[in-house]
Amino acid sequence: MDTGTHIVMGVALGGLATLDPTVQSNPTLFHAVLVGTVVGSHAPDFDTIFKLKSNATYIRQHRGASHSLPAILMWSLLVSGAIYLFVPEVSYLTLWLWTLLAVSIHVFVDLFNAYGTQAFRPFTKKWIAKGFINTFDPYIFFLNVAGIVAWALGAHPGYTWLIIYTVIVLYYIKRYMDKREIVQKIKEYMPDTEIVATSPTLKQNYWRVAISTSDRYFVGSVENRHIEIVDEFYRVPLPDTDVIKAAKNDKNISSFLNFSPIYRWEINTDEDDVTEVRFIDLRYRSKGYYPFVAVVKLDKNLEVITSYTGWIFSEQKLQNKLIPSDSAP
């Protein structure tokens, strides 16, 4: 989910904590728990600091180790421990348990959008992306905002959030059923379908889809249960060549391949014997363009000249990113 949603969900958990008699009877503990749930609800996304190093590092790390099972425990201990230093008179166990719940819910809800997480590390590095809740879902966000407003106006926070989160759970079930119906329709339409990657949009009845069959990739949309295919590509396996081996050794390419399940690739060589290998994620089509890419340029000795992975919305901007740093103006 986006940062704003994680934060309002942290406030919601703080309100829900008032149903705990230990928290309800101790104002100092309540405020400590509220800080713990708000910070804990955002803590796993502190990995955005990796953007300062490089896009490849960020893509490889974001929602990876920081959202793993050991990290859930680590974040909860760090956040609750830091708060406890300032209020050592409160029950640390209660503070830690509510902070742990906040961190756990952050990781849990991130499983349901198209980006996903590696939540079950260290047991598996597989990305889990259920793809039926938008990264920013206005219904979830504004239900939480409505709860905060009701709390501020004097409503009982515990019961308020209990009602709101019952509604949100039912909403998740509804979106799951929507996705299941879409996948079933696609499999009826294309019986040899192997993978369906769904990306919900802000419109409840409009979904983007990327489909992998035995021999082709399809990109399209589903609106009001109507499937529209807008792009089609033959599914060509990566060749076992020296060029591909050299490309896969690049950190940007390896980060992309670790993250993207449905992609196409291109190889082009110019008159200067510079070979460009490009990987294009087919899940994120926007206005006729595929903005999530990974590109590496290799010289005639298959040494990396430059590379990039990330979100780019024009070819010119991509080529600007690929200018080697030692020759950049």
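Residues numbered from 1 in each chain as written. Predicted model: local features only at pLDDT ≥ 70, side-chain atom pairs only at ≥ 80, totals over all residues. Heavy atoms only, no water.

- As annotated in an unreviewed UniProt entry, the chain is Metal-dependent hydrolase from Oceanobacillus jeddahense.

## What about a negative patch on the surface?
Alright, step 1. A grouping of D270, E271, D272 and D273 is seen on the molecular surface, where their side chains present a negatively charged patch.
Alright, step 2. By secondary structure assignment, the location of D270 is in the loop between strand 5 (263-269) and strand 6 (275-281). (Patch = residues over 30% accessible without salt bridge, like charges linked within 9 Å, V, L, I, M, F, W, Y side chains within 5 Å. Areas by Shrake-Rupley, 256 points an atom, 1.4 Å probe, with all protein chains shown as cover. Salt bridge = Lys/Arg side-chain N within 4 Å of Asp/Glu carboxyl O. Lys, Arg positive; Asp, Glu negative; His and termini not counted. Charge placed at Lys NZ, Arg CZ, Asp CG, Glu CD. Helix = DSSP H or I, 4+ residues; strand = E, 2+ residues; numbered from the N terminus.)

## A short note on the side chain of N113
Alright, step 1. Structurally, N113 can be placed in the loop between helix 6 (92-110) and helix 7 (138-152).
Alright, step 2. Looking at N113, the relative accessible area reads 0%, which means it is buried.
Alright, step 3. One polar contact links the side chain of N113 to the main-chain amide nitrogen of Y115, over a distance of 3.1 Å.
Alright, step 4. There is a polar contact of 3.1 Å between the side chain of N113 and the backbone nitrogen of G116. (Buried < 20%, exposed > 50% of the residue type's maximum accessible area, 1.4 Å probe, protein only. Polar contact = N/O pair within 3.5 Å; in protein donor to acceptor, adjacent residues only side chain to side chain.)

## Brief notes about the environment of V11
Alright, step 1. Along the polypeptide, V11 turns up in helix 1 (residues 3-16).
Alright, step 2. Relative accessible area serves as the criterion here: at 19%, V11 is assigned to the buried category.
Alright, step 3. For the pair V11 and T37, spaced 26 residues apart in sequence, the C-alpha to C-alpha distance is 6.8 Å.
Alright, step 4. In this structure, V11 is in contact with L34, V38, I148, W151 and W161, ignoring residues within four places of it in sequence. (Contact = heavy atoms within 4.5 Å.)

## Description of the pairing of strand 4 (residues 226-234)
Alright, step 1. Strand direction decides the pairing type here: strand 3 (residues 216-223) and strand 4, joined by 8 bridges, are antiparallel. Bridge pairing in strand 4 links V222 to I227. (Pairing = 2+ DSSP bridges.)

## Let's talk about the sheet that holds strand 1 (residues 193-200)
Alright, step 1. Taking strand neighbours across the sheet as the criterion, the 4 strands line up as 1-2-3-4 in an open arrangement whose pairing is antiparallel. Single-partner strands in this sheet number two, and they are strand 1 and strand 4. Each strand axis lies, on average, 20 degrees off the axis of its neighbour in the sheet, ignoring direction.
Alright, step 2. The pairing of strand 1 with strand 2 (residues 206-213) spans 7 bridges and is classified as antiparallel. Its bridge partner being in strand 2, V196 is matched across the sheet by I211.
Alright, step 3. With respect to the sheet, helix 8 (residues 157-189) is in contact with strand 1, strand 2, strand 3 and strand 4, its orientation differing from that of strand 2 by roughly 45 degrees. (Axes fitted to C-alpha atoms, helices over the stretch in contact; angles between N-to-C directions.)

## A look at helix 10 (residues 251-259)
Alright, step 1. Taken together, the buried positions of helix 10 are occupied by N252, I253, S255, F256 and F259. An end-on view of helix 10 places all buried positions within 160 degrees of arc, on one side of the element.
Alright, step 2. Between the side-chain oxygen at the start of helix 10 and the backbone nitrogen of N252 there is a gap of 2.9 Å, and the oxygen is on D250. (Arc of directions from axis to C-beta.)

## As for the sheet that holds strand 7 (residues 292-298)
Alright, step 1. Pairing in this open sheet of 4 strands is antiparallel, and the strands run 5-6-7-8 from one edge to the other. Across the chains shown, the open sheet's two edge strands, defined by having one partner strand only, are strand 5 and strand 8 (304-311). On average, each strand axis in the sheet is tilted by 10 degrees relative to the strand beside it, whichever way the strands run.
Alright, step 2. In this fold helix 10 packs onto strand 5, strand 6, strand 7 and strand 8, with an angle of close to 150 degrees to the strand it touches most, strand 7.

## Examining the nonpolar core
Alright, step 1. The biggest cluster of nonpolar side chains holds 50 residues, and the ones touching the most others in it are V23, V33, I133, I140, Y172 and I186.
Alright, step 2. When contributions to this core are tallied by element, the ones reaching two or more residues are helix 1, helix 3 (27-42), helix 5 (69-86), helix 6, helix 8, strand 2 and strand 3. (Core = buried A, V, L, I, M, F, W, Y, C linked by side-chain atoms within 4.5 Å.)

## Notes on the pattern of salt bridges
Two side chains that carry opposite charge are able to pair once their charged atoms sit near each other.
Alright, step 1. Evaluation of the coordinates by the stated rule reveals 12 salt bridges.
Alright, step 2. We note a salt bridge from D178 to R175, for which the minimum N-O separation is 3.5 Å. With a gap of 3 residues between them, D178 and R175 both fall in helix 8, about one helical turn apart. For the pair formed by D178 and R175, the shared burial category is buried.
Alright, step 3. For the salt bridge of D215 with R216, the shortest nitrogen-to-oxygen distance reads 3.7 Å.
Alright, step 4. Overall, D215 belongs to the partly exposed group, its relative accessible area being 35%.

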